[in-house]
Structure formats: C-alpha cells, structure tokens
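Structural overview
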Amino acid sequence: MTFYVEKRLPLGAISFGVTPDLSGTSSDDDRALSTGASGEFIRRRGEGFFFGGPDRFAGPTLPKAPSLASTPFWSSFKSDRPSRTYGFLALMFFGFLLVLVGFAVIGRKGPQGWAEVILGVGMIATPIVLTAQKRRKLREQEAREREEREVTEKRNRDLLAAYTTALDGARTERGDEAFATLEREREALILPYDIWAAAARRAVLLIGFDELAKRGPGASKEIAQTMDRAARAAGLTPEDQTAAKRDLVRTVAWHLLADNRLGAASTQELAVLRNGLGVADDDARTVEQFRRFQGLTPQRLPRAKCSTKLGFQEYCIYETPTDRGTLHVTNRRVIVEAKKRLEMPIAHAFAVVADADDNVVTIKTGNPKKPLRLRVDEPIYTAAILHVASTIDERPRGFS
C-alpha cells in the first residue's frame, strides 16, 4: 500500500510519500533546512517521493464592475418595491386570461372576441415595455458612468501597478530607500485592503524565506525585524504580519516532515526560528503523529480492544471514531461500524491518503470511483496504521 500525505501551504499544495522507518530513527541530525530561498522544497534525502503543486497566486486585480448587459431581463423586471413587481405579475396574468377568453369568444361567437385579445395583449405588453424603457435609461446612465469609471480604474490600475512594483523592489533591495518607496506607494493607494493584502503578505513571506536562507534560524530575531519592517511599509495589519511569520515556520516544518528529517537537531533549529519570530507551535499535534508511527513494523503494531466482533485468529490493531461510524483496523480487515456496516480485506487497499488540512483519510481500492473517505482526529497516524497493517504476512514460516 502506498501511503502519502497532502498539505496546503502558502506557496502551493504539497504531496509526499511516507514510509515508517523500520529502525525507528527516521530523522538525521543535519541542521540544514529543506526549504530554499524562494520557499521551495529542497530534498536532502534520497528515498520517497514529493510533489509540489503550482503557486496559483496571480497578483492583485481590480474587481469587475457589474454591467447591465450581464443583468438578466427578469432582474430588471423586478422592482425595488415588491408591490410594483407583484402588480406587474398580476397585470400580465390577467392579460393572459383575457387573451384566452378572447380566443374562446372568437371561436364561439365571432370577431367580437378580438377586443378581449387586444386588451389582454396590451396588459401583457405594458410591464415589458416599461421594463425595456427602464433598461434603456439605465443603459444611458451606465454609459456615462462607464466613462467616469474607466478614468478611475485606469488611475487605480496605475497605482496598483506602482505598489506591486514597489513590493518587488522591497523584496530584492530591502534597504531604507526601497521601504520608503513602498510606504509612499501604499499611502497613495485608495483601494480596499482585501485587494492588495494577499500580495503584500506574500511579498513579506518571500522576504522571510530569503533572509532565512542567507542568515539561518540563529538570526531569527533579525529576520523577524526585517519582515516587520517590510510589513509596516506594505501596510499589513498586525494580524497579517503575524500570519506571514506563521506561514514561514509552517512551510519549514512541513518541508522537514516531507524530507523525513525532523530529528533532534532540526527540531531545535525550528524551535529557535519559532521563538525568534514570536509565533506559536501550531503543528505540534501533527509532528506528534509523525513521531508516533516511527519504527512501526508488522511485528510492533499496537493492540487495541475493538468493540466489534472479530473472526478466528483475528485481532484488533486500532480503533477510532469517524464521521461515518467507528473505524476498526484488524490484521485482516478494515471495518466501519455505521448504519450500513462497511468492511473490506485490508489487502484490497492499494493506497491511503492523509489530508492534513481537512483531517480526512482516503482509502483507495480497486474501484477508483468508490474510495472510502473518513474524517478522523489523527489522519496521519491513522493512515500509517493502515499502511503498516497492510504489510502483515501471516503465512506460515517457510511458505513461499
């Protein structure tokens, strides 16, 4: 069974294979980080696989103003006053009834029914004509506003372009002049914070990665000062300043986990970095899950007391609640006690995926359309148990 972990990081999602180390010492004592100057993953061990998703950040953009051409006619038909809308609907309904009555009269008595038909058509057409006139007036008003808006949007685009250029300059120079230029461009912006904040936060994060690659975790206080200076010049809120530092530490920690190198030395370096940046250890529970399964083998799997009936020579390895019922992992089966009991031989699973963001374990079988997805408290440890349990070989010794 293939066992891999998925995680969304600030510069793109990652996916990496995990193998519980049979020696129980999965990490080395190399203090070098597995994160590069641009926040990229650097592999320093040879085994396993790693996939990095693309950084989909496309830069700040101005919101698109709504146009009357994209507004359905029915939306224009509806008035701000519900009574007017209901009146239009009632008029059209009674007009439709008059048309039907008129055609009935024509069929039975002759041409005198045309009066009802004409009156009914007029009742139906009146709301439509009034709405069309309203849209024409709105279209003329929109044309005038568009000219004014284009002037404003051009100015905003120029200001936003100048701000992003100043962000790039601060990333590369990081001097007094670069930060002063960035601050001036920020003060000139009149756009809402949400439009440019993501770009500013990303720039501060990239500055942190570059400083970390040059100085190392031992200079984490100086790195924090540089990031804070850039964040203030860029106009970030204190919450986003802290979030950028947290993103840096999270990326470094997950790259070490993906490289299977979060040992004593790298853990100490990570603690120095975290303390210098002044951020909490948000990944402690995740790291603990990785450490718990190190050294697991089919012979060293834990034993649990399952609350389900087991077969002959079957024993329980693991039990945990899920969103679909209780999960039982035995030496032979995967069982989910739900309203409809689910079970399958553990040997039928060929891959298990731990989604660290959504706390979901996905067990893939021979049927790609029906993977088993379970939300659990410890997705990484649960996936590791499933992975190791699938390697149990209960054939008699000497059998080949």
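Residues numbered from 1 in each chain as written. Predicted model: local features only at pLDDT ≥ 70, side-chain atom pairs only at ≥ 80, totals over all residues. Heavy atoms only, no water.

Side note on the confidence of the model for the chain
When pLDDT is averaged along the chain, the result is 86, and 90% of the positions lie at 70 or above. Overall, residues 22-26 carries pLDDT values under 50, and its contacts beyond four positions in sequence, including any with other chains, amount to eight contacts. (pLDDT = per-residue confidence, 0-100. Contact = heavy atoms within 4.5 Å.)

Description of the pattern of salt bridges
When the charged atoms of two side chains with opposite charge come close together, those side chains can pair. Taken as a whole and assessed by the stated rule, the structure comprises 24 salt bridges. The residue Lys-7 makes a salt bridge to Asp-357 at a minimum N-O spacing of 3.1 Å. Within this pair, whereas Lys-7 is found in strand 1 (residues 2-9), its partner Asp-357 is found in the loop between strand 8 (351-355) and strand 9 (360-364), the two being separated by 350 residues in sequence. Taking relative accessible area as the criterion, Lys-7 reaches 10% and is therefore assigned buried. The shortest N-O distance in the salt bridge between Glu-378 and Arg-292 comes to 2.7 Å. With a gap of 86 residues between them, Glu-378 in the loop between strand 10 (372-375) and helix 10 (379-389) and Arg-292 in helix 9 (residues 284-293) connect regions that are remote in the sequence. Because the salt bridges share partners, they merge into one network encompassing Arg-201, Asp-240, Arg-246, Asp-247, Arg-250 and Asp-282. (Salt bridge = Lys/Arg side-chain N within 4 Å of Asp/Glu carboxyl O. Helix = DSSP H or I, 4+ residues; strand = E, 2+ residues; numbered from the N terminus. Buried < 20%, exposed > 50% of the residue type's maximum accessible area, 1.4 Å probe, protein only.)

Describing the pairing of strand 4 (residues 316-322)
Strand 4 sits mainly inside the fold: five of its seven residues count as buried. Relative to strand 5 (residues 325-330), strand 4 is paired through six bridges, and the arrangement is antiparallel. The residue of strand 5 that forms the bridge with Thr-320 is Leu-327. Hairpin connection between strand 4 and strand 5: a loop of two residues separates the two successive antiparallel strands. (Pairing = 2+ DSSP bridges.)

So, the environment of Leu-248
You can see Leu-248 is positioned in helix 7 (residues 238-258). Leu-248 gets classed as buried once you look at its relative accessible area, which sits at 0%. Considered as a pair, Leu-248 and Val-204 are 44 residues apart in the sequence and their alpha carbons are 9.7 Å apart. The residues contacting Leu-248, other than those within four sequence positions of it, are Leu-205, Gly-208, Phe-209, Leu-212, Met-227, Leu-273 and Leu-277.

Comments concerning the sheet that holds strand 6 (residues 333-337)
One open sheet accounts for four strands, arranged 4-5-6-7; its pairing is antiparallel. Looking along the sheet, the strands with just one partner apiece sit at the ends: strand 4 and strand 7 (342-345). Strand-to-strand twist of the sheet, defined as the mean angle between neighbouring strand axes without regard to direction, takes the value 10°. (Axes fitted to C-alpha atoms, helices over the stretch in contact; angles between N-to-C directions.)

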